[in-house]
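The primary structure of each chain is shown beneath.
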Amino acid sequence: MKLRFLYVWPCLLVAFILVIGVATWAWTDTLDTSSSPVQVSSKGAVTATLSSKGDMVTVRDNAGNVVWRHTVDKTYNRIAMSNDGNYIATVGGGVSVLRVPEQRVIWRWDQDGNKAVAITPDGQWLAAGGYAGAVYLFSKDSSIPAKIWPLDANDDSPKSVAISDDGQMIAAAVTGKVYLFSANSGPMIWVAKAEGVNELYMSADGRYVLGVAPYALYFWDKYSSSKIVWQKTYETSVIGAAMNLNGDEIAVSHVGGVTVLNGKGEELRSFAANFKNSDIAMSSDGKFIYANDGAGRLYAFDDTYNYNELRPYRILTGINVGSQRAYVATTALGNWFTYPKGNQLTVERAKPAVIAMNSGAPIITKDQSYDISTFVTNPDSATQVLTLKATMSLPSSINWFKSLAAKVSGEPQAVRSKLLDYAAIMDQDNMVVHTEALVLPAGSSQKIDFTVTAPDLTKWGAFSDYMDNILSNMNQSMILDRIVKKIQTPLVTLVGETAADLAITSVQHAINPNSVEIAYPVFGLGTVSLFDDLGKTVDQDSFYFLYIKK
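Residues numbered from 1 in each chain as written. Predicted model: local features only at pLDDT ≥ 70, side-chain atom pairs only at ≥ 80, totals over all residues. Heavy atoms only, no water.

A few points about the overall build of the chain
Thought 1: Looking only at helices and strands, the chain features four helices and 40 strands.
Thought 2: When burial is assessed residue by residue, the chain has 57% of its 550 residues classed as buried.
Thought 3: Considering only residue pairs separated by 6 or more positions, the chain has 58% of its internal contacts joining residues 24 or more positions apart.
Thought 4: Accessible area of the chain: about 21,600 Å², with a carbon and sulfur share of 48%. (Helix = DSSP H or I, 4+ residues; strand = E, 2+ residues; numbered from the N terminus. Buried < 20%, exposed > 50% of the residue type's maximum accessible area, 1.4 Å probe, protein only. Contact = heavy atoms within 4.5 Å. Areas by Shrake-Rupley, 256 points an atom, 1.4 Å probe, with all protein chains shown as cover.)

Given below as structure tokens:
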């Protein structure tokens, strides 16, 4: 979604802009409330915050340094910012347009009670919803409304407004209704009935309008009159939504997780998780999605990873926002994102990431080849040349039985949800089995297939003659049965129930204690690491394998 407007609850609004190519990866800004709605624009190096009392707009540079504090004598409750960061529109105690580079107010229109605002990406036009029962269209150069559209006499003040990129199409939501206006036509194009809509999104050309209600989504086409093209109802609360520029892809956060829909309302893919007070943001092309679950985690998705499913390439943890709404926002390119954490607003640059993918159940012996795939995404990095390295590792001490028995409870604490809790407690050695250089421009992704050949892992310290002697004096059927039971739960956590069943069956077929003089089957982790041009690790992920010495 290209973020052209911003909604603000009475507490605090935050809108900000970040520039592509800024050297820092992240910065944190201390706020005066515990949670804030946020918006990120695609260019510039400016953040703008509205104080909780609505009496001050604070502008900061890309490092969080205050460069302008604008105090107002009337309370504002919403602001919006152009994509280049040059213009800020405020509503509440009137309507104002601020010019950021010169730190001045261009104009102010004194009419109290305005509650909604939207601005075009270039800052040339803005729409405001007024308490007087009207929707207004302004040019940035004049406080005289270019258009005024009166609403029905019994309508309340618009809760949300949206505007097309050229400023010619405007939508407004009031209680029980959604209006669509055109700056080039008469009083209105149509008015539609829709209960509970409190947020509106519009495609760049103004053709499509998305309405978000507490338990439903509504979708309109300006050519369909007031008829709802499609409506999707959820049994659980809809908390946030985002739409791409074309209006043909929509991301929804709800209590059950994240769902991506097409322009027909059909579900394309989903990610199941326990979301609470969550929010969601999408890049303008729909490629990058960020979802804050409100329970301490922020999920980052590259939607091109797999057309049939969503799978996070990064999970940030410890993002606790209490009972407040867990806001998140991203730039139009998806290269920066932001989220609140307590009373702080954190801004981060999206880093390259790698996902290791398994197919089937790899049973590896010495010198056996194994085909694996990786997916590498580069949301934003000045470094386009990345190095991919794959390694294989096994426990390096005899207590690997204890490691396998470690309890896997809840969601793993590692960065990727598919990493296992117990993997972190194992001492590991690594052997590089694949290296590949990639040229991956910012905003692009690539699937990479390669073949690894298993080294003779039995020569490592954990697999000494002493260990062989211990195993040879034990009942091999009992060993196999215990190990299979120990690895089954972690495997389900790692790859799902179906793949885990396949892996266990493969082990049982591969090792028959009655016909094979086994040493031991070992559940191990391979690691795929991603390095920048300076050799610094930017991300890594793991895949599993079962190593068998026969």
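Examining the sheet that holds strand S16 (residues 177-182)
Thought 1: Read across the sheet, four strands follow the order S14-S15-S16-S17 without closing on themselves; strand pairing throughout is antiparallel. On the outer flanks of this sheet lie strand S14 (160-163) and strand S17 (190-193), each paired with one strand and no other. Adjacent strand axes in the sheet meet at a mean angle of 15° when their direction is disregarded.
Thought 2: Pairing between strand S15 (residues 169-174) and S16: six bridges, direction antiparallel. Counted as the bridge partner of Ala 172 is Tyr 179 from S16. (Pairing = 2+ DSSP bridges. Axes fitted to C-alpha atoms, helices over the stretch in contact; angles between N-to-C directions.)

Overview of unusual backbone geometry
Thought 1: Although it is not a glycine, Gln 103 adopts a positive phi angle of roughly 55°.
Thought 2: A positive phi angle, close to 60°, is found at Ser 225, a residue other than glycine.
Thought 3: Along the polypeptide, Ser 225 turns up in the loop between strand S20 (216-221) and strand S21 (230-233).

So, the packing of aromatic side chains
Thought 1: Here the structure, examined in full by the defined rule, presents 17 aromatic pairs.
Thought 2: Three or more aromatic residues joined by ring pairs make a cluster, and in this case those are Trp 107, Trp 109, Tyr 136 and Phe 138.
Thought 3: It is Lys 389 that lies over the ring of Phe 531; its NZ or CZ is 5.1 Å from the centre. (Phe/Tyr/Trp six-rings, centres within 6.5 Å; stacked < 30°, edge-to-face > 60°. Lys NZ or Arg CZ within 6 Å of the ring centre and 35° of its normal.)

Regarding the nonpolar core
In globular proteins that are soluble, nonpolar side chains generally tend to be buried together.
Thought 1: Counting residues in hydrophobic clusters, the biggest one holds 21 residues, and the most contacted among them are Val 376, Leu 388, Met 392 and Phe 543.
Thought 2: When residues of this core are traced back to their parent elements, those giving at least two are strand S33 (353-357), strand S35 (369-378), strand S36 (385-393), strand S37 (431-439), strand S38 (444-453), strand S39 (521-531) and strand S40 (537-548).
Thought 3: With four residues, the top contributor of residues to this core is S36. (Core = buried A, V, L, I, M, F, W, Y, C linked by side-chain atoms within 4.5 Å.)

Considerations on the sheet that holds strand S22 (residues 238-243)
Thought 1: Taken in spatial order, the four strands make up an open sheet running S22-S23-S24-S25, and their pairing is antiparallel. What marks the edges here is a single partner per strand, and that holds for S22 and strand S25 (267-272). If you compare each strand with its neighbour and ignore which way they point, the axes differ by 15° on average.
Thought 2: Sheet topology places S22 next to strand S23 (residues 249-254); five bridges connect them, and they run antiparallel. What sits directly across from Met 243, in S23, is Ile 250.

Comments concerning the pattern of salt bridges
Thought 1: Applying the stated criterion across every chain yields a total of 12 salt bridges.
Thought 2: With its nearest N and O atoms 2.6 Å apart, the salt bridge here joins Asp 303 to Arg 269. Here the residue Asp 303 occupies a position in the loop between strand S28 (296-302) and strand S29 (312-319), and Arg 269 occupies one in strand S25, the gap between them amounting to 34 residues. With respect to burial, Asp 303 and Arg 269 carry one shared label: buried. (Salt bridge = Lys/Arg side-chain N within 4 Å of Asp/Glu carboxyl O.)

So, the confidence of the model for the chain
Thought 1: Of all residues in the chain, 67% attain a pLDDT of 70 or more, and the chain-wide mean is 75.
Thought 2: Scored below 50 in pLDDT, residues 32-39 makes 44 contacts in the model with residues more than four places away or belonging to other chains.
Thought 3: Below pLDDT 50 for its whole length, residues 395-428 participates in 76 contacts with residues either more than four positions away or in separate chains. (pLDDT = per-residue confidence, 0-100.)

Some words on the environment of Leu 210
Thought 1: Position of Leu 210 among the secondary structure elements: in strand S19 (residues 208-213).
Thought 2: What makes Leu 210 buried here is its relative accessible area of 0%.
Thought 3: Remark: the alpha-carbon pair of Leu 210 and Val 197, spanning 13 residues in sequence, is separated by 9.5 Å.
Thought 4: Ignoring any residue separated from it by four or fewer positions in sequence, one finds Leu 210 in contact with Glu 199, Leu 200, Tyr 201, Leu 217, Tyr 218, Phe 219, Ala 241, Met 243 and Ile 250.

Considering the side chain of Asp 221
Thought 1: Turning to its location among the elements, Asp 221 is positioned in strand S20.
Thought 2: A residue is classified by how much of its surface remains accessible, and Asp 221, at 9% relative accessible area, is buried.
Thought 3: With residues near it in sequence (within four places) discarded, Asp 221 still touches Trp 190, Arg 207, Tyr 208 and Val 229.

A few points about the pairing of S29
Thought 1: Counting buried residues in S29 gives six out of eight residues, a clear majority hidden from the surface.
Thought 2: As paired strands, S28 and S29 are joined by six bridges and run antiparallel to one another. Bridged to Gly 296 within S29 is Ile 319.

A closer look at the side chain of Glu 199
Thought 1: Residue placement: Glu 199 occurs in strand S18 (residues 199-202).
Thought 2: Accessibility expressed as a relative area gives 4% for Glu 199, which makes it buried.
Thought 3: There is a polar contact of 2.8 Å between the side chain of Glu 199 and the side chain of Tyr 201. (Polar contact = N/O pair within 3.5 Å; in protein donor to acceptor, adjacent residues only side chain to side chain.)

Quick notes on the pairing of strand S26 (residues 279-282)
Thought 1: In S26, alternate side chains face the same way, and those of Asp 279 and Ala 281 on one face and Ile 280 and Met 282 on the other are all buried.
Thought 2: Between the end of S26 and the start of strand S27 (residues 288-292), which pair antiparallel, lie five residues, with Gly 286 showing a positive phi angle near 80°.

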